[in-house]
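Chain by chain, the residues run as shown.
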Amino acid sequence: MSNKAGKFITFEGIDGSGKSSQISFLQDYLLQNYNIKSIITREPGGCDLSEKLRNIIINEKMDSITELLLLFAARNEHIQTKILPNLNNGIWVLSDRYIDASYAYQNGGRNLAENKITELVKFINAPIPDITFLFDVDINIAKQRIIKRNEKLDKFEAENQNFHLQVKNNYLQQANKIENKNRIFVLDSQQNMQEISQQIITIIQQKFLEVN
Ligand code: TYD
């Protein structure tokens, strides 16, 4: 990528891990302190077609390979129409979930083979994030947070605790892989929000904004 390229930052974690509020915080922080412009987006979804697919993916029952293929169809459209054009214009992209979620949910949760996901990542030539923040939380605390929101549960949120435990463990396994050591940063989502925000800022500054 050229110097002009924006940075690509993704936020991951089980449902109810508290990532969404930190994304808006980071967007404001980057603009106010560094005049860095960014967009907030999400997966599945992020652009018109992919938001339509999202509706189907998170609400309809389907075979797990169909689910995986729809996720990657939505992802490809999102990458081509939104992620890459923004990065190429120097705009930072902050995405609520991305590829790591496919490993965690479809390999960890649904038990699909890991290499099926890797093949699709290669097939669509998906850009790798510069940084991924993984919000780690106890599955029971996450469940309480979801229940408190008082909204209708989607297909994934309604899965049992064993599913969520497999998702959580898969995320942590990915974070521990050598090739991901400089990309995935695990944040303890049971700390208060200010502490988490501070850790995010410190990591971003060390990686991109201050070279000492
Ligand atoms: P999410 O945006 O977290 O839902 P909400 O807005 O309700 O917090 O994500 C929707 C669901 O999609 C989430 O439960 C995880 C699932 N998902 C996958 O299973 N695989 C994927 O690759 C992605 C991106 C999401």
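Residues numbered from 1 in each chain as written. Predicted model: local features only at pLDDT ≥ 70, side-chain atom pairs only at ≥ 80, totals over all residues. Heavy atoms only, no water.

### Overview of empty space enclosed by the protein
Across all of its chains, the model carries two cavities of 30 Å³ or more by this definition. Within this model, the largest cavity holds a volume of roughly 40 Å³. Taken together, Gly-13, Ile-14, Leu-134, Phe-135, Asp-136, Val-137, Lys-168 and Tyr-171 make up the lining of the largest cavity. Contributions of two or more residues to the lining of the largest cavity are made by β4 (131-136) and α7 (161-176). The greatest single-element share of the lining of the largest cavity, amounting to three residues, is contributed by β4. Each pocket or cavity is described by its volume, and for the second largest cavity that value is around 40 Å³. If you trace the second largest cavity, you find it lined by Ile-146, Arg-149, Glu-151, Lys-152, Leu-153 and Glu-157. Partitioning the lining of the second largest cavity into residue classes produces two nonpolar, no polar and four charged. (1 Å grid on protein atoms, 1.4 Å probe; cavity = no way out; pocket = protein on both sides within 12 Å on 5 of 7 lines; lining within 4 Å. Points joined across faces, edges and corners; volume = space filled by probe spheres on them. Helix = DSSP H or I, 4+ residues; strand = E, 2+ residues; numbered from the N terminus. Nonpolar A, V, L, I, M, F, W, Y, C, P; charged D, E, K, R; others polar.)

### So, unusual backbone geometry
Here the residue pair Glu-43 and Pro-44 is connected by a cis peptide bond, since its omega of -10 degrees sits within 30 degrees of zero. Its location among the elements puts Pro-44 in the loop between β2 (38-42) and α2 (48-59). A positive phi angle, near 65 degrees, is found at Asn-111, a position not held by glycine. You will see that Asn-125, though not glycine, has its phi angle at about 55 degrees, which is positive. Residue position: Asn-125 is located in the loop between α5 (114-123) and β4.

### Re the layout of surface pockets
Approximately 690 Å³ is the volume attributed to the largest pocket. Surrounding the largest pocket, 31 residues form its lining, Asp-15, Lys-19, Arg-54, Arg-97 and Asp-154 being those nearest its centre. Top contributing element to the lining of the largest pocket by residue count: helix α4 (residues 99-109), with four residues. Classifying every residue of the lining of the largest pocket by side-chain character gives nine nonpolar, eight polar and 14 charged.

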